[in-house]
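Examination of the molecular architecture
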Amino acid sequence: MTDTVSDNAVALILASSAPDANALKGRIREALLSEGLPSWNGIDADIFTYNGRTLVLARPAPPLLSRPTLSHARLKRAK
């Protein structure tokens, strides 16, 4: 495995086909921790496979957009 790590991106080249999501999360977190960086709360990743190898480009996921609560007034449609 080859990796490049920064606080806002991780690039991994794996010598195998793409592992499952949990294994990928673990590898990304290991790469961050090996560089002394904190792991991210959420991960966005692009995964490319070719000729038995896998390229993973990962970055921290942005926070979820705030959603309106039930206490917000609903719009009434005109009839």
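Before reading further, recall that the structure is shown in the block above.
The residue count restarts for each chain, going from 1 along the sequence in the order it is written. The predicted nature of this model means local features are confined to residues of pLDDT at least 70 and side-chain atom pairs, given and counted, to a pLDDT of 80 or more, with totals for whole chains, interfaces and linings taken over all residues. Hydrogens and water molecules were not included; the side-chain quantities draw on all heavy atoms of the structure.

For residues that are not glycine, phi is negative in most cases, and the peptide bond is trans in most cases. In the Ramachandran plot, Asn51 falls in the positive-phi region, its phi being about 55° despite a non-glycine side chain. Its place among the elements puts Asn51 in the loop between β3 (43–50) and β4 (53–60). Secondary structure elements follow DSSP: runs of H or I of four or more residues count as helices, runs of E of two or more count as strands, with numbering from the N terminus.

A separate point is the sheet that holds β4. In this description, strands pair whenever DSSP reports at least two bridges between them. Taken together, the four strands give an open sheet; going across it, the order is β1-β2-β4-β3, and neighbouring strands pair in antiparallel fashion. Only two strands of the sheet have a single partner each, and these edge strands are β1 (2–6) and β3. When the angles between neighbouring strand axes are averaged without regard to direction, this sheet yields 10°. Every residue pair with non-hydrogen atoms within 4.5 Å of one another is taken to be in contact. For helices, the axis comes from a line fit to the C-alpha atoms of the stretch in contact; other axes are also lines fit to C-alpha atoms, and the angle between any two N-to-C directions lies between 0 and 180 degrees. With respect to the sheet, helix α1 (residues 21–34) is in contact with β1, β2 (9–14), β3 and β4, its orientation differing from that of β2 by roughly 120°.

Before going further, it helps to examine the nonpolar core. Where a protein is soluble and globular, its nonpolar side chains tend to be buried together. For the purposes of this section, nonpolar cores are sets of buried Ala, Val, Leu, Ile, Met, Phe, Trp, Tyr and Cys residues that join through side-chain atoms within 4.5 Å. Using a 1.4 Å probe on the protein chains alone, a residue whose accessible area is under 20% of its type maximum counts as buried, one over 50% counts as exposed, and one in between counts as partly exposed. Residues Val5, Val10, Leu12, Leu14, Leu24, Ile28, Ala31, Leu32, Trp40, Val56 and Ala58 constitute the largest nonpolar core, which totals eleven residues. Mapped onto this core, the elements with two or more residues apiece are β2, α1 and β4. In terms of residue count, α1 provides more of this core than any other element does, four residues in total. When near neighbours in sequence (up to four residues on either side) are disregarded, Ala58 contacts Asn8, Ala9, Val10, Ile28, Trp40, Ile43, Asp44 and Ala45.

Turning next to the pairing of β3. The pairing of β3 with β4 spans eight bridges and is classified as antiparallel. Its bridge partner lying in β4, Ile47 is registered against Val56. In textbook terms, the turn of a hairpin is the stretch between consecutive antiparallel strands, and for β3 and β4 this stretch comprises two residues, one of which, Asn51, has a positive phi near 55°.

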